[in-house]
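Next come the chains, spelled out residue by residue.
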Amino acid sequence: MTDVRQLLIDSEAFLSGHFLLSSGKHSNGYVQCAKLLMYPDRAEKVLAIVAEKVKGLGAEVVVGPAMGGIVVSYELARQLGLPSLFTERENEVMTLRRGFHLEPGAKVLIAEDVVTTGKSSLEAIKAVEAHGGDVIGVACMVNRSGLTEVNGLPIYSSIDLDIQTYDEECPLCIDGVELVKPGSRKKF
C-alpha cells in the first residue's frame, strides 16, 4: 500500500510555516505537489490511488487547470488510457486554448494537484462546460478542503489532509511569522 503522506514528506512537498494561499487565506501548512511530481515513479504511485477510484466513472477526457493540474492530468490520463487537456487563464478567465476542444457531452474528469477551496476546480468546470463538456468529478492528489464535493461533484483524492487555514485573525500574522506565497495564481 502506498503511503502518500510519507511520499510527500520524502519529496519535501509537505511544508510548514506561514503561507498565503491562492484563495487569499493564510495557512500553517502547504503541499507543494510539484516537488513530488519531480519524481515520475512517485507521481505514478500517488495517482494510481486516484485512478483506481475513478476508473469506473466512464470519463472520456481528463482536464487539469494550469498550472498545478497539468502534470496531474497527464499522469492520471496516462494511467486511464485517456487524452489529457488543460485549461489556462486568458484575460484572467480560465479557458481551453491551444486548439483543445471537447466533443459535445464528453465525460470530463477535472484533475488537480491540491484542492483547498475548490476555486480552481470551479473555474475549470466552468471552462469545460462552456466548451460542451459534462464534468463528472474532481480528482486530486491532495484534498485539504475538508469537502467531499465541489459544485455537487465528488472529489476523488489520494489523501485527505487536515491543514489549518485562517480567514481572519491569523495567529501567525499576530506572532509576526513571515508570510510566503508559494502558489502560481497572481490574484485571488
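One structure accompanies this document, and this report is about it.

Thresholds, definitions, all that
Residues numbered from 1 in each chain as written. Predicted model: local features only at pLDDT ≥ 70, side-chain atom pairs only at ≥ 80, totals over all residues. Heavy atoms only, no water. Core = buried A, V, L, I, M, F, W, Y, C linked by side-chain atoms within 4.5 Å. Buried < 20%, exposed > 50% of the residue type's maximum accessible area, 1.4 Å probe, protein only. Helix = DSSP H or I, 4+ residues; strand = E, 2+ residues; numbered from the N terminus. Contact = heavy atoms within 4.5 Å. Salt bridge = Lys/Arg side-chain N within 4 Å of Asp/Glu carboxyl O. Pairing = 2+ DSSP bridges. Axes fitted to C-alpha atoms, helices over the stretch in contact; angles between N-to-C directions. Phe/Tyr/Trp six-rings, centres within 6.5 Å; stacked < 30°, edge-to-face > 60°.

1. Some points on the nonpolar core
(1) Moving on: If you look at the biggest cluster of nonpolar residues, it comprises 30 residues, and the most contacted ones within it are Leu8, Val31, Leu36, Leu76, Met141 and Val142.
(2) Moving on: Elements that contribute at least two residues to this core include exactly α1 (4–10), α2 (33–37), α3 (40–54), α4 (69–80), β6 (107–115), β7 (134–143) and β9 (153–160).
(3) Moving on: Top element by residues in this core is α3. It accounts for six residues.
(4) Moving on: Ignoring anything within four residues of it in the chain, the contact list for Met141 reads Cys33, Leu36, Leu37, Val46, Leu47, Val72, Glu112, Asp113, Ser157, Ser158 and Ile159.
(5) Moving on: Within the second largest apolar cluster, 18 residues are counted, among which are Val61, Val128, Cys140 and Val150.

2. Digging into the pattern of salt bridges
One side chain can pair with another of opposite charge once the charged atoms of both are near each other.
(1) Moving on: Within the structure shown, the criterion is met by nine salt bridges.
(2) Moving on: Close ionic contact of Lys25 with Asp167 constitutes a salt bridge, the shortest N to O distance being 3.3 Å. With Lys25 in the loop between β1 (14–20) and β2 (26–31) and Asp167 in the loop between β10 (165–166) and α6 (171–174), the pair connects residues that are 142 residues apart, well separated along the chain.
(3) Moving on: A residue is classified by how much of its surface remains accessible, and Lys25, at 27% relative accessible area, is partly exposed.

3. Some details on the sheet that holds β7
(1) Moving on: The strand order β5-β4-β3-β6-β7-β9-β8 describes an open sheet built from seven strands, whose pairing is mixed. Because the sheet does not close on itself, it has two edges, and the strands there are β5 (93–96) and β8 (149–150).
(2) Moving on: Direction of pairing for strand β3 (residues 61–65) relative to strand β4 (residues 84–90): parallel, over a ladder of four bridges. Bridge pairing links Gly64 to Phe86 in β4.
(3) Moving on: Across the sheet, helix α5 (residues 119–130) lies against β3, β4, β5, β6, β7, β8 and β9, angled at about 160 degrees from β6, the strand it touches most.

4. As for the sheet that holds β1
Across a sheet, strands are paired by hydrogen bonds formed along the backbone, either parallel or antiparallel in direction.
(1) Moving on: Pairing is antiparallel in the open sheet, where three strands are placed in the order β1-β2-β10. Each edge of the sheet is formed by a strand with only one pairing partner; in this case those strands are β1 and β10.
(2) Moving on: By the bridge criterion, five bridges tie β1 to β2 in an arrangement that is antiparallel. If you follow Phe14 over to β2, its bridge partner there is Val31.

5. Describing the packing of aromatic side chains
Within a pair of aromatic rings, the relevant descriptors are the distance that separates the centres and the angle that separates the planes.
(1) Moving on: Under the definition given, this model contains two aromatic pairs.
(2) Moving on: Geometrically, the ring pair formed by Phe19 and Tyr30 is tilted, given 5.6 Å between the ring centres and 35 degrees between the ring planes. Of the two residues, Phe19 is situated in strand β1 and Tyr30 in strand β2; the sequence distance between them amounts to 11 residues. Tyr30 carries the same exposure label as Phe19, and that label is buried.

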